[in-house]
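Understanding the architecture of this molecule
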Amino acid sequence: MKQEKFSSEESLELISQMIRQTRQGMKVGSGNTFLYYGYSAGIVSLLVFAMCTLTGAMQWHALWFLMFVPMLIDLVTDKQRKPDVVSYIDKAVGNVWRVIAQLICISVAVTVVCSYLEGQISTMLMMPLCLLYVGIGVSATGIITNERLMMCAPLPAYVVSIYMLTQLVTGDMPQVMWNLLCGAAFVIMLVIPGHVINRKMSKSCSKN
């Protein structure tokens with residue numbers, strides 16, 4: 001079977017066309033997934049900070065496991081809203097977030113098992129790890145879809161996560177304030193791009 005060869009210009013045009021089709025295929029509310037996770041992280045961070053401050057018990061950090069609720073909801077609804085035609089770019093974005101979800105689940109499992117074996121449950125390490133994982137996912141999505149805001153939005157999350165990891169490596173005890181830093185980083189990284197995407201899609205649909 002004869003294979004058609006593309007020139008470099010034709011290849012670039014084909015890639016650009018797929019990106020345009022992916023962005024045009026987005027509907028009003030396409031940024032809602034970012035909003036769900038961003039607002040959930042913000043609310044959980046405030047709840048954990050308040051409970052730890054009022055009670056002095058660090059066990060309240062386990063409330064961060066509530067972040068699995070929007071993840072499960074997203075998995076169920078994702079099967080119901082699958083489009084009829086899926087481009088290579090769509091598959092690439094979907095695979096990026098599958099890897100991110102797998103990394104988070106594996107990290108949680110390993111952290112819980114190691115903490116149990118040591119006789120002290122601690123999930124503080126998950127905050128910087130999740131910031132890094134999700135930040136990479138957002139940046140990769142921005143690169144694939146050519147959305148500059150998504151490429152830059154995770155920068156505060158990277159700074160906060162590296163700060164937390166540095167504190168842990170140097171032996172400093174995790175602070176309750178980390179929850180607010182983590183929540184703020186998630187809001188900047190997810191909520192702002194989510195609203196911008198929805199606004200862009202609304203303007204695009206109103207023009208058509």
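This text follows the structure it describes.
First, a word on what this report is: a plain description of the structure on this page. None of the values given here were measured: they were computed from a predicted structure.

Brief notes about the overall build of the chain
- Of regular secondary structure, the chain possesses eight helices and zero strands.
- Beginning at the N terminus, the succession of helices and strands in the chain can be written as α-α-α-α-α-α-α-α.
- Counting all 208 residues of the chain, 34% fall into the buried class.
- Within the chain, residue pairs in contact and separated by at least 24 positions form 75% of the contacts whose partners lie at least 6 positions apart.
- Entry remark: accessible area of the chain is about 13,100 Å², with carbon and sulfur atoms responsible for 66%.

Topic: the packing of helix H5 (residues 126–145) against helix H7 (residues 155–169)
- Close contact between H5 and H7 brings their axes to 8 Å; oriented N to C, the two are set at 155 degrees. As judged from the angle between their axes, H5 and H7 are roughly antiparallel. Along this stretch, H5 crosses H7, giving a crossing that reads as left-handed. Residues Met 127, Pro 128, Leu 131, Leu 132, Gly 135, Ile 136 and Ser 139 of H5 form the contact with H7, whose own contacting residues are Ala 157, Tyr 158, Val 160, Ser 161, Met 164 and Leu 165.
- When grouped by side-chain class, the residues that make up the contact of H5 with H7 number 10 nonpolar, three polar and no charged.

Let's talk about the nonpolar core
- With 32 residues, the main nonpolar core has Trp 64, Leu 131, Phe 186, Met 189 and Leu 190 as its most contacted residues.
- For this core, the secondary-structure elements that each account for two or more residues are helix H2 (32–55), helix H4 (88–118), H5, H7 and helix H8 (178–207).
- In terms of residue count, H5 provides more of this core than any other element does, eight residues in total.
- Excluding anything up to four places from it in sequence, Leu 190 contacts Phe 34, Leu 35, Tyr 37, Gly 38, Val 134 and Val 138.

Quick word on the state of the cysteines
- Considering all chains together, one arrives at zero disulfides under this definition.
- Cys 130 takes part in no disulfide bond, and the closest cysteine sulfur to it belongs to Cys 182, at a distance of 7.3 Å.

Description of unusual backbone geometry
- Although it is not a glycine, Asn 146 adopts a positive phi angle of roughly 60 degrees.
- By secondary structure assignment, the location of Asn 146 is in the loop between H5 and helix H6 (148–152).

Let's talk about the packing of aromatic side chains
- Within the structure shown, the criterion is met by two aromatic pairs.
- An angle of 15 degrees between the planes, with centres 6.3 Å apart, marks the rings of Phe 65 and Phe 68 as stacked.
- Overall, the relative accessible area of 35% leaves Phe 65 in the partly exposed class.
- Here Phe 68 falls in the partly exposed class, since its relative accessible area comes to 24%.

Topic: empty space enclosed by the protein
- Per the counting criterion, the structure on display carries one cavity of 30 Å³ or more.
- A volume near 30 Å³ is recorded for the largest cavity.
- As for the largest cavity, its lining consists of Glu 147, Leu 149, Met 150, Pro 193, Val 196, Ile 197 and Lys 200.
- Elements represented by at least two residues in the lining of the largest cavity include exactly H6 and H8.
- Per-element accounting of the lining of the largest cavity gives the leading share, four residues, to H8.
- In terms of residue class, the lining of the largest cavity is built from five nonpolar, no polar and two charged.

Some thoughts on H7
- Under the 1.5 Å per step criterion, the end-to-end length of H7 is 21 Å for 15 residues, consistent within 8% with the ideal 21 Å.
- Every buried residue belonging to H7 is among Ala 157, Tyr 158, Val 160, Ser 161, Met 164 and Gln 167, and all of these are buried.
- Trailing H7 by a residue or two, Gly 171 shows a phi angle of about 95 degrees, which is positive.

A few points about H2
- Between its terminal C-alpha atoms H2 stretches 34 Å, which fits the 34 Å expected from 24 residues at 1.5 Å a residue.
- Looking one or two residues past H2, Gly 56 carries a phi angle of roughly 75 degrees, positive in sign.

Rules of the game
- Residues numbered from 1 in each chain as written.
- Predicted model: local features only at pLDDT ≥ 70, side-chain atom pairs only at ≥ 80, totals over all residues.
- Heavy atoms only, no water.
- Helix = DSSP H or I, 4+ residues; strand = E, 2+ residues; numbered from the N terminus.
- Buried < 20%, exposed > 50% of the residue type's maximum accessible area, 1.4 Å probe, protein only.
- Contact = heavy atoms within 4.5 Å.
- Areas by Shrake-Rupley, 256 points an atom, 1.4 Å probe, with all protein chains shown as cover.
- Axes fitted to C-alpha atoms, helices over the stretch in contact; angles between N-to-C directions.
- Parallel < 35°, antiparallel > 145°, perpendicular 65-115°, else oblique.
- Left-handed = near helix turned anticlockwise from the far one by under 90°.
- Nonpolar A, V, L, I, M, F, W, Y, C, P; charged D, E, K, R; others polar.
- Core = buried A, V, L, I, M, F, W, Y, C linked by side-chain atoms within 4.5 Å.
- Disulfide = S-S within 2.5 Å.
- Phe/Tyr/Trp six-rings, centres within 6.5 Å; stacked < 30°, edge-to-face > 60°.
- 1 Å grid on protein atoms, 1.4 Å probe; cavity = no way out; pocket = protein on both sides within 12 Å on 5 of 7 lines; lining within 4 Å.
- Points joined across faces, edges and corners; volume = space filled by probe spheres on them.
- Expected span 1.5 Å × (residues − 1).

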